[in-house]
Amino acid sequence: MTQSYQEQAKTAAAQVNQVILGKEKEVWEVLLAFLAGGHILLEDIPGVGKTTLALAFSRTMGLAYKRVQFTPDVMPSDLTGFSVYSRRKEAFIFQPGSVFCNLLLADEINRTSPKTQSALLEVMEEGKVSVEGVTREVPVPFLVIATQNPYDSAGTQLLPEAQMDRFMITLTMGYPDFQSELEMALSVGEEKRVSKIRPVLDKEGLMAMQREIHHVYISEQVGSYLLELVTATRNHPYLERGASPRATIALVKMAKAAAWLEGRDYVSPGDVSAQFPYVTAHRIRLNMSARMDHVTREQVLADIVRSIRRPSVGVKY
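The rules behind these values
Residues numbered from 1 in each chain as written. Predicted model: local features only at pLDDT ≥ 70, side-chain atom pairs only at ≥ 80, totals over all residues. Heavy atoms only, no water. Patch = residues over 30% accessible without salt bridge, like charges linked within 9 Å, V, L, I, M, F, W, Y side chains within 5 Å. Areas by Shrake-Rupley, 256 points an atom, 1.4 Å probe, with all protein chains shown as cover. Salt bridge = Lys/Arg side-chain N within 4 Å of Asp/Glu carboxyl O. Helix = DSSP H or I, 4+ residues; strand = E, 2+ residues; numbered from the N terminus. Axes fitted to C-alpha atoms, helices over the stretch in contact; angles between N-to-C directions. Parallel < 35°, antiparallel > 145°, perpendicular 65-115°, else oblique. Left-handed = near helix turned anticlockwise from the far one by under 90°. Contact = heavy atoms within 4.5 Å. Nonpolar A, V, L, I, M, F, W, Y, C, P; charged D, E, K, R; others polar. pLDDT = per-residue confidence, 0-100. Core = buried A, V, L, I, M, F, W, Y, C linked by side-chain atoms within 4.5 Å. Buried < 20%, exposed > 50% of the residue type's maximum accessible area, 1.4 Å probe, protein only. Expected span 1.5 Å × (residues − 1). Pairing = 2+ DSSP bridges.

Q: Which parts of the structure should I look at to understand a nonpolar patch on the surface?
A: Residues Phe178, Leu182 and Leu186 make up a contiguous nonpolar surface patch of roughly 360 Å² in combined accessible area. Inspection of the secondary structure assignment puts leucine 186 in helix α7 (residues 178–186).

Here is the structure:
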């Protein structure tokens, strides 16, 4: 019996959960972002499975995968590509860079130069690169999982606000729970879990899912609730800067993806409030009052969700 697209997507998540133990919620959010066609920023310490997460998704979704370890000497051409003169052909031959793939893991993105960060920014936004006056399309779909170390780590620098806004969601993997880490420890020496992952989807199937999600209905009442949440970040007493209109669009896409994956053809208020923190956390900036009162981004966003009245509608019938 042929699985529905929703069942295939859930099976893909289950495959990843066999590798990334105890992080079902984080895996679910990454899946939603992929279905919504967005890029993901993982803010975390090293060694919690970010690389394995990207590799596992690439295998179960049949996506061409590449990884770039960002350091200060990584050049824009390492990402976009460059031309090399061929004596045999007596012509310059273009050598594609790392972005010519379906899923790119940009590891420790805040350790590289602003020039290299900007090169990645163009690809994330436009889906193409410009090299030596020639514009080339990157493969479709093109998805980025970027990781960054905490800003107090040596050799790190802030990402430009424009580039932060290009990420659909931000996540923190965090340490595994005791039982998951024990299971991980006891399996040391066995065959790597990621090698056991089987393909569930292919890129054509993923793009078909993304097209279906566009048709999920969002009512005016739920749309107004969504916008009230976003605009509340722009006048909150603890925030210096609120979420941009791009956040509104990202939240619509994530809410639609969440509804679709649950088998509904309409967005509920719960879909919106559940995705709101993931979409907005990296788009807001705390002010001095928040820092003096030791208030976190998560606390501010939770306060906004509590303060905005949730509509009792959402079904389109």
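Having put the structure on the table, let's press on.
Q: Please clarify how the packing of helix α10 (residues 245–261) against helix α11 (residues 269–280) should be interpreted in this entry.
A: Think of two packed helices as two axes; the pair is described by the angle between the axes and how far apart they sit. Viewed as axis vectors pointing N to C, α10 and α11 meet at an angle of 130°, and their least axial separation amounts to 9 Å. Judged by the inter-axis angle, α10 sits oblique to α11. Considering how the two elements wind past one another, α10 and α11 form a crossing that is right-handed. Note on element contacts: α11 touches α10 through Asp271, Val272, Gln275, Phe276 and Val279, opposite Ala247, Ala250, Leu251, Met254, Ala255, Ala258 and Ala259. When grouped by side-chain class, the residues that make up the contact of α10 with α11 number 10 nonpolar, one polar and one charged.

Q: Sorry, what's going on with the confidence of the model for the protein chain here?
A: Any residue range with low pLDDT should be treated as having predicted coordinates unsuitable for detailed reading. Chain-level statistics for the protein chain give a pLDDT mean of 88 and a share of 93% at 70 or above. Here helix α6 (residues 161–164) stands out as the least confident element of the protein chain, with mean pLDDT 78; α10 is the most confident, with 97.

Q: What is the right way to look at the nonpolar core in this model?
A: One recurring pattern in soluble globular proteins: nonpolar side chains tend to sit buried together. If you look at the biggest cluster of nonpolar residues, it comprises 70 residues, and the most contacted ones within it are Phe34, Leu35, Ile40, Leu53, Phe57, Ile169 and Val272. Per element, the largest residue contribution to this core is 10 residues, and it comes from α10. Ignoring sequence-local partners within four residues, the contact set of isoleucine 169 consists of Glu29, Ala33, His39, Ile40, Leu41, Met254, Tyr278, Val279 and His282. With 25 residues, the next largest nonpolar core counts Val68, Val74, Leu104 and Met164 among its residues.

Q: Quick question: what am I supposed to make of the pattern of salt bridges here?
A: When charged atoms on two side chains of opposite charge get close, those side chains can pair. In total, this model carries 11 salt bridges according to the counting rule given. The closest approach of N and O atoms between glutamate 108 and arginine 111, which form a salt bridge, is 3.3 Å. We classify arginine 111 as partly exposed; its relative accessible area is 25%. With a shortest N-O distance of 3.0 Å, arginine 285 and glutamate 240 are connected by a salt bridge. Linking arginine 285 in strand β11 (residues 285–286) with glutamate 240 in strand β10 (residues 239–241), this pair joins segments that are 45 residues apart in sequence. Classification of arginine 285 as partly exposed rests on a relative accessible area of 32%. Exposure remark for glutamate 240: the relative accessible area of 48% places this residue in the partly exposed category. Among the charged side chains, a salt-bridge network with shared partners connects Glu125, Asp165, Arg166, Arg246 and Arg283.

Q: Sorry, what's going on with α11 here?
A: Count 3.6 residues to each turn of an α-helix, and residues three or four apart come out pointing the same way. With 12 residues, α11 extends 16 Å from end C-alpha to end C-alpha; this agrees with the ideal 16 Å at 1.5 Å per step. Judged by how many residues are buried, α11 sits mostly within the fold: nine of 12 residues are covered. Considered for burial, the residues of α11 that qualify are Pro269, Asp271, Val272, Ser273, Gln275, Phe276, Tyr278, Val279 and Thr280.

Q: Can you walk me through the pairing of strand β4 (residues 91–96) in this structure?
A: Side-chain direction in a regular strand flips from residue to residue, so the side chains alternate between the two faces of the sheet. Sheet topology places strand β3 (residues 81–86) next to β4; six bridges connect them, and they run antiparallel. Looking at β4, one finds that valine 84 is bridged to isoleucine 93. In textbook terms, the turn of a hairpin is the stretch between consecutive antiparallel strands, and for β3 and β4 this stretch comprises four residues, one of which, glutamate 90, has a positive phi near 50°.

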